[in-house]
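# Report on the structure
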Amino acid sequence: MRENLQIKIAPLGDKALRVEFGAEISPEINRKIRSFSLLLEKVKIDGVIEWIPTYTAVTLFYDPYALSFNTLIEKVQHLNTMLEEEENFQTEIIHIPTYYGGLFGPDLETVAGYNQLSVEEVIKIHTQNKYLIYMMGFTPGFPYLGGMSEKIATPRLKTPRKRVLPGSVGIAGEQTGIYSLETPGGWQIIGRTPLRLYDPKRKTPMLFQAGKYLKFVSISKDEYDYIEESIKLGTYQLKIQENTK
C-alpha cells in the first residue's frame, strides 16, 4: 500500500484503485472526499470509468488497457496536492418535510419510551440538527446520514419488517435515514416524508447527493397530503438553504 500526503492508495483487483483519506467517519474526511470527487469530475482522467465515494475512501474504476496502474497513481497523487484550494466550497441544507407518528411512524412511541422521552421531545430532537449525507447506497437514493443526537438512539427491531414504504424515516442505533424504495427493513420508523428520493423518470433520478445536508421539518397530515399532490403534479419546489457553517 502506498502513502502520500495523508492518503493511502491500494489496488482492488486489476481494474480498481482505492484512495483512503482516513480511518474515521468525520465531516473533515468527508470534505476531502467531496473535494477529491469534484476534482475528478473537473479533470476527467482518460481511462477512469467511474468513482464511488464512501465514508473514508474513494474507489476509482478504470480501464487498464487505456490507463496503467502506475500512471493512475501519479494522477491521483497530483490531484491530492490540489485538494486544499478546492475545499472552500458552499454546500446546501435540504429541508425534508416529515409527518411524525401515527400510521406513518409506528415506532415513534417505542423510540420515546426507550429513551424516556415524550413523543414531542423525540420530534424536537430529531428536527433540531442538520444531517450530513456521507454517501449514497443500500438502495438507489438512500442517504447515509451523520449527526443524530444520542438522546434518541434506539436499537433496530428484533424482527425486521417485510415491507417498509418509500419515504419512511427511521432510526437504527445512532443513525437516522430515509427509505428510498419499498424494501424489508429493521429500522424504527418514526415518520414519513412525501418526497421521492428516487425516481427513474426524473432527469436526475436521485434527489440527494453526498455532501449535502438534510434537515427534517415536522409537518401536519394536511401539509403532507398537499406536498404529495404537488409532487405528483410536478409543482413542488424543494426548500433549500445555504449552509453557513
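Preceding this section is the structure that the text describes.
Below: a short report on this structure. Position numbers for residues start from 1 in each chain and track the written sequence from start to end. Where local features are concerned, this predicted model is filtered to residues with pLDDT of at least 70; where side-chain atom pairs are given and counted, the filter is 80 or more; whole-chain, interface and lining totals use all residues. Water and hydrogen atoms play no part in the side-chain values, which are based on all heavy atoms of the structure.

### So, the pattern of salt bridges
Test applied: Here a salt bridge means any side-chain nitrogen of Lys or Arg lying within 4 Å of a carboxyl oxygen belonging to Asp or Glu. To qualify as a helix, a DSSP run of H or I must reach at least 4 residues; to qualify as a strand, a run of E must reach at least 2; elements of each kind are numbered from the N terminus. When accessible area is computed with a 1.4 Å probe and restricted to protein chains, residues below 20% of their type maximum are described as buried, those above 50% as exposed, and intermediate ones as partly exposed.
Per the stated rule, a full pass over the model turns up eight salt bridges. Here Glu92 and Lys212 are joined by a salt bridge, their closest N and O atoms 3.1 Å apart. One end of the pair, Glu92, is in strand β6 (residues 92-100); the other, Lys212, is in the loop between β13 (188-192) and β14 (213-218), and 120 residues separate them in sequence. Between Lys221 and Asp225 there is a salt bridge whose closest N-O contact spans 2.8 Å. With a gap of four residues between them, Lys221 and Asp225 both fall in helix α6 (residues 221-233), about one helical turn apart. Under the relative-accessibility criterion, Asp225 is labelled partly exposed at 33%.

### Some points on the side chain of Asn30
Worth spelling out the cut-off: Contacts were defined at the residue level, with two residues in contact if any of their heavy atoms lie within 4.5 Å.
Relative to the elements of secondary structure, Asn30 occurs in helix α1 (residues 27-43). Setting aside chain neighbours within four positions, we find Asn30 in contact with Leu132, Ile133, Tyr134 and Gly211.

### Regarding the packing of aromatic side chains
To keep things clear, this is the line we draw: Each Phe, Tyr or Trp ring (for Trp, its six-membered ring) is paired with any other whose centre lies within 6.5 Å, and the angle between the two planes then decides the class: stacked below 30 degrees, edge-to-face above 60, tilted in between. In this analysis the charged atom, NZ for Lys or CZ for Arg, is taken to sit over a ring once it is within 6 Å of the ring centre and within 35 degrees of the ring normal.
Under the counting rule described, the total for this entry stands at eleven aromatic pairs. On the basis of an interplanar angle of 75° and a centroid distance of 5.2 Å, the ring pair of Phe142 and Tyr144 is categorised as edge-to-face. Assessed through its relative accessible area of 3%, Phe142 is described here as buried. Ring pairing ties together the aromatic residues Tyr55, Tyr134, Phe138, Phe142, Tyr144, Tyr179 and Trp187, which thus form one cluster. In this structure, Lys130 is placed above the aromatic ring of Tyr213, and the distance from its NZ or CZ to the ring centre is 4.9 Å.

### Concerning the environment of Thr176
Here is the rule we go by: Here a polar contact means two N or O atoms within 3.5 Å. Within protein one must be a hydrogen donor candidate and the other an acceptor candidate, and residues neighboring in sequence count only if both atoms are side-chain atoms.
Tracing the backbone through its elements, the reader meets Thr176 in strand β11 (residues 175-178). What makes Thr176 buried here is its relative accessible area of 2%. C-alpha of Thr176 to C-alpha of Thr110: the two residues are 66 residues apart in sequence and 15 Å apart in space. When near neighbours in sequence (up to four residues on either side) are disregarded, Thr176 contacts His126, Tyr131, Leu145, Met148, Val169, Gly170, Ile171, Trp187 and Phe216. Among the polar contacts made by the side chain of Thr176, one reaches the side chain of His126 at a distance of 2.9 Å. At 2.8 Å, the side chain of Thr176 forms a polar contact with the backbone oxygen of Gly170.

### Some thoughts on the pairing of strand β3 (residues 16-20)
Convention followed: Between any two strands, pairing holds if DSSP finds at least two bridges.
β3 sits mainly inside the fold: four of its five residues count as buried. In sequence, strand β2 (residues 7-11) turns back onto β3 through a hairpin of four residues, with Gly13 there showing a positive phi of about 70°. Both β3 and strand β5 (residues 57-62) contribute to a ladder of five bridges, which runs antiparallel. When the bridges of β5 are listed, Leu17 appears paired with Leu60.

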